[in-house]
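One-letter residues, chain by chain:
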Amino acid sequence: IGAGVSLPGILAAKCGAEVILSDSSELPHCLEVCRQSCQMNNLPHLQVVGLTWGHISWDLLALPPQDIILASDVFFEPEGLSVASPRGELTALGCCLRQS
């Protein structure tokens, strides 16, 4: 829920995925950057939606179910990280670890 310059979403779309890009509805400039990235990469059909983390909105409720949520560069808050797993992997708190 913060596409930034949209690189991961643009790449996924170029590989054939159906993509919805989102960034904060409180940062319209960021949404415009997403739209410009789509235009510059010949992907004007990609949907860009303003969503704010933690807020339920009509735009959020109107989205269809998603198979994958692609995240990149999401570890900007150090307290959101944990290295305490038994194998020492870096994991995000609240996420499920892969069973081996």
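The name an unreviewed UniProt entry gives the protein chain is Methyltransferase-like protein 23, with Homo sapiens as the organism. Of the protein chain, the UniProt comment under Sequence similarities (unreviewed entry) reads exactly: "Belongs to the methyltransferase superfamily. METTL23 family."

A few points about the overall build of the protein chain
Counting secondary structure elements, the protein chain contains 3 helices and 4 strands. The order of helices and strands in the protein chain, counted from the N terminus, is α-β-α-β-α-β-β. Scored against the burial criterion, the 100 residues of the protein chain give a buried share of 24%. Once local pairs closer than 6 in sequence are excluded, the contacts in the protein chain between residues at least 24 apart make up 47%. Within the structure as shown, the protein chain displays about 7900 Å² of accessible surface, and the carbon and sulfur contribution to it stands at 59%.

What to know about helix 2 (residues 28-40)
The first and last C-alpha atoms of helix 2 sit 18 Å apart over 13 residues, in line with the 18 Å expected at 1.5 Å per residue. Those residues of helix 2 lying buried are Leu31, Cys34, Ser37 and Cys38. Within helix 2, the buried residues cover an arc of 115° as seen down the axis, which keeps them to one side. Residues of helix 2 that are exposed and point over 90 degrees away from its buried face: Pro28, His29, Gln39 and Met40. The inward-facing, buried residues of helix 2 abut helix 1 (7-14), strand 1 (20-23) and strand 2 (47-50). Downstream of helix 2 by a residue or two, Asn42 has a phi angle that is positive, lying close to 55°.

Quick notes on the nonpolar core
Formed by Ala3, Ile10, Ala13, Val19, Leu21, Leu31, Cys34, Cys38, Leu43, Leu46 and Val48, the largest nonpolar core amounts to 11 residues. Counting only elements with at least two residues in this core, the list comes to helix 1 and helix 2. Per element, the largest residue contribution to this core is 3 residues, and it comes from helix 2.

Side note on the pairing of strand 2
Here strand 1 pairs with strand 2 via 4 bridges, running parallel. Bridge pairing links Ile20 to Gln47 in strand 2. Handedness of the crossover joining strand 1 and strand 2 through helix 2 is recorded here as right-handed.

Thoughts on a nonpolar patch on the surface
Taken together, Ile56, Trp58, Leu60 and Leu61 make up a surface patch of nonpolar side chains, about 520 Å² in accessible area. Relative to the helices and strands, Trp58 resides in helix 3 (residues 58-61).

Conventions we followed
- Residues numbered from 1 in each chain as written.
- Predicted model: local features only at pLDDT ≥ 70, side-chain atom pairs only at ≥ 80, totals over all residues.
- Heavy atoms only, no water.
- UniProt positions renumbered as here; feature names shortened; annotations may be inferred.
- Helix = DSSP H or I, 4+ residues; strand = E, 2+ residues; numbered from the N terminus.
- Buried < 20%, exposed > 50% of the residue type's maximum accessible area, 1.4 Å probe, protein only.
- Contact = heavy atoms within 4.5 Å.
- Areas by Shrake-Rupley, 256 points an atom, 1.4 Å probe, with all protein chains shown as cover.
- Expected span 1.5 Å × (residues − 1).
- Arc of directions from axis to C-beta.
- Core = buried A, V, L, I, M, F, W, Y, C linked by side-chain atoms within 4.5 Å.
- Pairing = 2+ DSSP bridges.
- Right-handed = clockwise from strand over helix to strand, strands pointing away.
- Patch = residues over 30% accessible without salt bridge, like charges linked within 9 Å, V, L, I, M, F, W, Y side chains within 5 Å.
- Salt bridge = Lys/Arg side-chain N within 4 Å of Asp/Glu carboxyl O.

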